[in-house]
Amino acid sequence: MLKYFLLNLLLAFVWVALTGQLNYSNFIFGSVAGFFILWMLTRRSNMAEKEYFYRVPKILVFILYFLYDMMEANLRVAIDVMTPNFHTTPGIIKYQLDAKTDFEITMLTNIIALTPGTMVMDIADDKSYVYIHTMYLKDKKKFVKNMKERTETKLLEILR
């Protein structure tokens, strides 16, 4: 997978060098063009070599989901700060983890901490659950389901 990532970067830099314009849009276009060139060249390869081409779209979808959740949380906190009355319903949740390795748990807790209004308070010694503090807890089951489906599952698809 690393080989195709580095080849994709090389193709993007070749595109930038050929066009003579070093800017973000040109680099992104070169990256997308390089991705499709590599994909076309490896169509008949085995599944192990095609892993890069399945993982990159999952990463992009995860980034979009995360940015949407982050913007939604930022707006909620900003509205709550700007209005005269507080509309918070704070709560602490014991969240059962599917992530097993230290890296997976660290990435998940960082994503939770980056989202405004949520914070990881503690991780169990056996790494089976974490305690999450949230400012807006109206339905515990809905929060856990959202965290499981939108965040943890998609993150584990990328990392595993």
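Per-chain numbering applies: the sequence of each chain, read as written, is numbered from 1 onward. In view of the model being predicted, local features appear only for residues whose pLDDT reaches at least 70, and side-chain atom pairs are presented and counted only at 80 or more, with totals across whole chains, interfaces and linings using the full set of residues. Remark: hydrogens and water are excluded; side-chain values derive from all non-hydrogen atoms of the structure.

A.B. asks: Teacher, can you tell me more about the pattern of salt bridges here?
C.D. replies: Definition used for salt bridges: Asp or Glu carboxyl oxygen within 4 Å of a side-chain nitrogen of Lys or Arg. Taken as a whole, this structure holds six salt bridges when the rule is applied. Close ionic contact of Arg150 with Asp69 constitutes a salt bridge, the shortest N to O distance being 3.0 Å. Of this pair, Arg150 sits in helix α5 (residues 140–159) while Asp69 sits in helix α3 (residues 51–82); the two residues are 81 residues apart in sequence, bridging distant segments of the chain. Glu152 is the partner of Lys148 in a salt bridge, and the nearest nitrogen-oxygen pair spans 3.2 Å. Here Lys148 and its partner Glu152 are both found in helix α5, four residues apart, which amounts to about one turn of the helix. One salt-bridge network, held together by shared partners, links Asp98, Lys148 and Glu152. Helix and strand definitions here come from DSSP, where helices need a minimum of 4 consecutive H or I residues and strands a minimum of 2 consecutive E residues; each element is numbered from the N-terminal end.

A.B. asks: I tried to follow the environment of Ala73 on my own but got confused; where do I start?
C.D. replies: Inspection of the secondary structure assignment puts Ala73 in helix α3. Taking C-alpha positions, Ala73 is 6.6 Å from Thr115, a pair spaced 42 residues apart along the chain.

A.B. asks: How do you make sense of α3 when you look at a structure like this?
C.D. replies: Two residues of an α-helix separated by three or four positions point the same way, owing to the 3.6 residues in each turn. Any helix carries an expected span of 1.5 Å times its number of residues minus one. If you check α3, its first and last C-alpha atoms are 46 Å apart, about what 32 residues at 1.5 Å a residue would give, namely 46 Å. Three labels apply to residues, based on accessible area from a 1.4 Å probe with only protein chains included: buried if under 20% of the type maximum, exposed if over 50%, partly exposed otherwise in between. Every buried residue belonging to α3 is among Tyr52, Phe53, Arg55, Phe62, Phe66, Asp69, Ala73, Val77 and Asp80, and all of these are buried. Contacts are residue-level and defined by heavy atoms, with any inter-residue pair within 4.5 Å sufficient. Contacts from the buried residues of α3 go to α1 (2–19), α2 (24–41), α4 (102–114) and α5.

A.B. asks: Whenever I open this one, the sheet that holds strand β1 (residues 91–96) confuses me. Can you help?
C.D. replies: Hydrogen bonding along the main chain pairs the strands of a sheet, whether they run parallel or antiparallel. Spatially, three strands are ordered β1-β3-β2 in an open sheet, and the strand pairing comes out antiparallel. In this open sheet, the two strands that pair with only one neighbour each are β1 and β2 (118–123). Across the sheet, the mean angle from the axis of one strand to that of its neighbour is 30°, orientation sign disregarded. Strand pairing requires that DSSP identify at least two bridges connecting the strands. Pairing between β2 and strand β3 (residues 129–134): five bridges, direction antiparallel. Looking at the pairing, Ile123 lines up with Val130 of β3. As a rule, the C-alpha atoms of each element are fitted with a line to give its axis, helices using only the stretch in contact, and angles between N-to-C directions run from 0 to 180 degrees. Sheet contacts for α4: β1, β2 and β3; angle to β2, the most-contacted strand, approximately 145°. This element, α5, spans β1, β2 and β3 of the sheet and lies at about 50° to β1.

These results come straight from atomic positions and should not be treated as a statement about function.
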